[in-house]
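Structural overview
What follows is each chain in one-letter form.
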Amino acid sequence: MGTSDEYPYVGRLAASEDRLRNLMVLGLGGDNRAYEVFLKDLSSHLRAYFRKRLARLPGEVEDLVQETLLAVHTQRHTYELDQPLTPWLHAIARYKMIDMLRRWGGHDALNDPLDDEQELLVSSDTQMMEARRDIAQLLEQLPDRQRLPIEYVKLQGLSVIEAARMTGLSESAVKVGVHRGIKALAAMLGR
Amino acid sequence: MKTDELVKMLAAGAGAVEQNVAQRRFATALGWGACGAMLIMAIKLGVRPDFYVAMHSPMFWMKFAFPLAGATAAIHMAIRLGQPGMHIGNAPTVVTALLLTVWLSGATVLLQAPIERRDYLIYGISWDVCPSNIALISIPVFIAAMWAMKGLAPTRPVTTGAATGLVAGTIAIVVYALHCPEMEAPFLAIWYVLGMLIPVVAGALIGPIVLRW
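Remember, predicted model here, so these are calculated numbers, not experimental data. (Residues numbered from 1 in each chain as written. Chains lettered and ligands numbered in written order. Predicted model: local features only at pLDDT ≥ 70, side-chain atom pairs only at ≥ 80, totals over all residues.)

Scanning chain B from N- to C-terminus turns up 9 helices and 0 strands. Ordering the α and β elements of chain B from the N terminus gives α-α-α-α-α-α-α-α-α. Reported as C-alpha extents along the three principal axes, the dimensions of chain B are approximately 75 × 35 × 25 Å. Counting only residues that meet the buried cut, chain B has 44% of its 213 residues in that class. Sequence separation of 24 or more characterises 85% of the internal contacts of chain B that already satisfy a separation of 6 or more. (Helix = DSSP H or I, 4+ residues; strand = E, 2+ residues; numbered from the N terminus. Buried ≥ 20, exposed ≤ 12 C-beta atoms within 10 Å, placed from the backbone. Contact = placed C-beta atoms within 7 Å.)

In structure tokens:
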């Protein structure tokens, strides 16, 4: 009899896919609370996934988790609602990992053609580490028209209208500033 | 900044996200790109003078049908490649089948023709300008399609660049067919395909540079 106890791997996997997918779909629909839970869950999965693959670069794991989270966030419009989520997440995680390894000049760790996308959600690791690069410091380098909207809307939790009043920018300029600023942060991490 | 703080920051005020962004970006890009291609064709080359007479020939329509089918497959492929984790689909099979059909019919016509006519069937009157004209016409579509792809997240830059180039190449053929009077299958199978391949190769070469994210 096929119970999920007999196939813990499969059961856990389907549960993670369904759970994350539901949260992601809610998030894309505008539920920021669900989206936050999604990103938090995802960061644990990413951490375990990268830690296993970057045994020789343990100091890079947390940076890569953060870089991948930013990529998932800035590219979330490329996820189609009727598609399974795991392959999408895995493709992004793998792309960012390969990109990071290339910066390190080593291609040897890429020799993993059988890297199974299902492995991404199998394990999770909530043990956060320090990232080498501090995104808060990168944020300081952004021009005011991006930095201030991010600080007010994304860090202090003000509404766009309030942030517009505080900065003297128009509401659409605040939105554009947040959007471009986050993209700029993602690009800085990828350098 | 700790990862948990980053998560909070990203989620704060994130809001709803539009759907079908890839499709809409490509629709916009190809609309503008095709307009640019038509302008280049109309200004630099001009519509073929025998347009209304040629319309009665089946080959006239074949010259649109094949590249249009190819463009449809290429657009599907490009949109899928722009979205991480998506399977490429059956578009490569469709493109291969179209190419084989074109080459096979070109070869058949050539082999059945008397030897003294073969030179004309191959070279026509414009073999020397055909590929470069197609490449020229493809430029606006190429730039527009690359712009559309830049807003997506391709994880296979060489393949994606080539597919984006194929979109430009096939659409350029459709537009060039409005100008070009050549109607022989061997000519089309060689020079049209060659012209189409120029943006494909260009896309594969610049993909890894331009399409990084």
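A word on the overall build of chain A. Scanning chain A from N- to C-terminus turns up 8 helices and 0 strands. Overall, chain A shows an N-to-C arrangement of helices and strands of α-α-α-α-α-α-α-α. The buried share of chain A, taken over its 191 residues, is 40%. A separation of at least 24 residues holds for 66% of the contacts in chain A among residues at least 6 apart in sequence.

Reports of interface size often rely on the accessible area that becomes lost once the parts have come together. All names here are of chain A. If you check the domain split of chain A, you get domain 1 (1–129) and domain 2 (133–191). The interface is formed by 8 residues belonging to domain 1 together with 8 residues belonging to domain 2. For the side of domain 1 that touches domain 2, the element with the most residues is helix α3 (residues 61–74), which contributes 7 residues. When the residues that make up the side of domain 1 that touches domain 2 are grouped by side-chain class, the tally is 2 nonpolar, 3 polar and 3 charged. (Domains from an automatic or database assignment. Nonpolar A, V, L, I, M, F, W, Y, C, P; charged D, E, K, R; others polar.)

Before going further, it helps to spend a moment on the environment of B:L30. Residue and element names in this part refer to chain B. Its location among the elements puts L30 in helix α2 (residues 21–45). Measuring from C-alpha to C-alpha, the distance between L30 and A153 comes to 18 Å, with 123 residues separating the pair along the chain. Aside from chain neighbours lying at most four places away, what touches L30 is V141, A144, A145 and I171.

Of the residues lining the interface, 36 residues belong to chain A; the matching set on chain B comes to 28 residues. Of all the secondary-structure elements, those providing two or more residues to the side of chain A that touches chain B are α1 (8–28), α2 (32–53), α3, α4 (85–103), α5 (135–140) and α6 (144–155) of chain A. For the side of chain A that touches chain B, the class distribution of residues is 16 nonpolar, 13 polar and 7 charged.

Each packed pair of helices is defined by two parameters, the angle between the axes and the distance between the axes. Residue and element names in this part refer to chain A. For the pair α6 and helix α7 (residues 160–167), interaxial distance at closest approach is 9 Å and the crossing angle is 135°. Classed by the angle they form, the pair α6 and α7 counts as oblique. Here α6 and α7 pass one another in a crossing that is right-handed. Side by side, α6 and α7 meet where L148, P149, Y152 and V153 of the first sit next to V160, A163, M166 and T167 of the second. (Axes fitted to C-alpha atoms, helices over the stretch in contact; angles between N-to-C directions. Parallel < 35°, antiparallel > 145°, perpendicular 65-115°, else oblique. Left-handed = near helix turned anticlockwise from the far one by under 90°.)

Residue and element names in this part refer to chain B. Over its 22 residues, helix α5 (residues 91–112) extends 32 Å from the first C-alpha to the last, a length consistent with the 32 Å expected when each residue adds 1.5 Å. When we look at burial in α5, the residues that qualify are A91, V102 and G106. All buried residues of α5 fall inside an arc of 35° around its axis, so they share one side. Those residues of α5 that are exposed and angled more than 90 degrees off the buried face are T93, T96, L100, L104, T108, L111 and Q112. Where the residues of α5 are buried, they touch α4 (58–81) and α9 (185–210). (Expected span 1.5 Å × (residues − 1). Arc of directions from axis to C-beta.)

Turning to the nonpolar core, a few remarks are in order. Counting 111 residues, the largest nonpolar core has B:A74, B:A78, B:V141, B:A145, B:V167, B:I171 and B:A172 as its most contacted members. Shared between two domains, this core takes at least three residues from each, and those domains are domain 1 (1–129) and domain 2 (133–191) of chain A. Apart from the residues within four sequence positions on either side, B:A145 is in contact with B:A29, B:L30, B:G33, B:A78, B:T164, B:V167 and B:A168. (Core = buried A, V, L, I, M, F, W, Y, C linked by C-beta atoms within 7 Å.)

Moving on, we get to the confidence of the model for chain A. With 88% of its residues at a pLDDT of 70 or more, chain A has an overall mean of 87. No element of chain A has a lower mean pLDDT than α1(A), which averages 83, and none a higher one than α3(A), which averages 96. (pLDDT = per-residue confidence, 0-100.)

For the rest of this paragraph, the subject is the packing of α2(B) against helix α8 (residues 157–176) of chain B. Residue and element names in this part refer to chain B. Two numbers describe how α2 lies on α8: the axes approach to 10 Å, and their chain directions differ by 40°. Considering the angle they form, α2 stands oblique to α8. Of the two possible hands of crossing, α2 and α8 adopt the one that is right-handed. Of α8, the residues touching α2 (which contributes L30, G33, A34, A37, M38 and M41) are I171, A172, V175 and Y176.

Moving on, we get to α3(A). Within an α-helix, residues lying three or four positions from one another point in the same direction, as the helix has 3.6 residues per turn. Compared with the 20 Å implied by 1.5 Å per residue over 14 residues, the 20 Å span of α3(A) between its first and last C-alpha is a close match. For α3(A), a buried count of 13 out of 14 residues is recorded, marking the element as mostly surrounded by other parts of the structure.

Residues and elements named next belong to chain A. Positionally, R132 belongs in the loop between α4 and α5. Residue classification places R132 among the exposed positions, given that 10 C-beta atoms sit within 10 Å. C-alpha separation for the pair R132 and E171, spaced 39 residues apart in sequence, amounts to 34 Å. For R132, the residues in contact, after removing those within four places along its chain, are G59 and D63.

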